[in-house]
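Survey of secondary and tertiary structure
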Amino acid sequence: MAPELLCLGEPLLEFNQQKNGTYLPGHGGDTSNCAIAAARQGARVGYVTHVGADTFGDSFINLWAEEGVDTKTVRQVKNAHTGVYFVTHGPDGHQFSYFREGSASSRMGPADLPVAALKSAKILHVSGISQAISQTAADAVFEAIDIVRSAGGRVSYDTNLRLKLWPIARARAVTHAAMAMCDIALPGLDDARQLTGLNDPDAIADFYLDLGAETVALTLGEEGTLVATTEERRRIIGRRVKAVDATAAGDTFDGAFLARILAGDDPFEAANYANAAAALSTQGYGAVVPMPRREAVLEFLSEC
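So, here is what we can say about the structure in this document.

**Considering the sheet that holds strand 2 (residues 12-17)**
The strand order across the open sheet built from 4 strands is 3-2-7-8, with neighbouring strands paired in mixed fashion. Looking at the sheet topology across the chains shown, the edges are occupied by strand 3 (23-28) and strand 8 (93-99). When the angles between neighbouring strand axes are averaged without regard to direction, this sheet yields 25°. As paired strands, strand 2 and strand 7 (residues 83-90) are joined by 5 bridges and run parallel to one another. Following the sheet pairing, L13 is matched in strand 7 by V84.

**A word on the pairing of strand 13 (residues 225-229)**
Extensive coverage of strand 13 is indicated by the burial of 5 of its 5 residues. Burial of the side chains of strand 13 extends over both faces: T225, V227 and T229 are buried on one face and L226 and A228 on the other. Pairing between strand 12 (residues 215-219) and strand 13: 5 bridges, direction antiparallel. The partner of T215 across the bridge, within strand 13, is T229. From the end of strand 12 to the start of strand 13, which pair antiparallel, there are 5 residues, and G221 there has a positive phi angle of about 65°.

**Details of the packing of aromatic side chains**
Inspection of every chain in the model, using the stated rule, returns 8 aromatic pairs. Of note, R234 hangs over the ring of F268, and the distance from its end group to the ring centre comes to 4.1 Å. Just above the ring of Y273 sits the side chain of R260; from NZ or CZ to the centre is 5.6 Å.

Analysis parameters
- Residues numbered from 1 in each chain as written.
- Predicted model: local features only at pLDDT ≥ 70, side-chain atom pairs only at ≥ 80, totals over all residues.
- Heavy atoms only, no water.
- Pairing = 2+ DSSP bridges.
- Helix = DSSP H or I, 4+ residues; strand = E, 2+ residues; numbered from the N terminus.
- Axes fitted to C-alpha atoms, helices over the stretch in contact; angles between N-to-C directions.
- Buried < 20%, exposed > 50% of the residue type's maximum accessible area, 1.4 Å probe, protein only.
- Phe/Tyr/Trp six-rings, centres within 6.5 Å; stacked < 30°, edge-to-face > 60°.
- Lys NZ or Arg CZ within 6 Å of the ring centre and 35° of its normal.

See below:
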């Protein structure tokens, strides 16, 4: 069966610092993480990207296959490498160092899109990072959004602001334009404050609803999530755990939230579930390994 959720963006090989100072290899990249998180909750997921025809690219192909993420829309190219990043941990939290310039994913453009797959998707998920890595990638995201919406599908967008990739003025212009074309807005509070210039979560939710989103799920860290639709809004409580690494908590939230939306949950039910999945993902190191599967999330919710 064809994927009902397609995620588009840049996968990155991850090297995550451990307590002894060594670096544990793994896999990352926000939309790739989202795809895997959604697949672990039972959704039918595919990924749209380019990776290098290298060992790192091979490892992603193998990972997605193992996780049940459809790779028919992944292309390995010979003239570009797969991106890499390092995660270090300190008193101020985790810090990221990226080596992605000229990566295979950053060279994607509108002409590289799998049009038939996009037309058959129920939801397309993209992010600010998907657009920040290059001008051609930004154009590809806009084109993918047009294709999906013209075919009757919905679009989900996570701002995922990375100011090392682009200046704030361009980030605002591009993400606001993309959000105006989206159905599901998944901003984080810190990102949204910088992008909108607003501080109050309700005002931020109103901002994205006014741009055109039908649903806004504004993540508030340990405080949970503010979910707003055109008819209703609620604060969904966060789930407290002993966290050691929040590297992909937001991506886990996105994947779990979208999986539950596809399963028929309303946005408030989906956010409650996704808050639990995101909390569980912070109990281990790295992006992918700690992501919970559906059984673990349900058990955790039953205990709360």
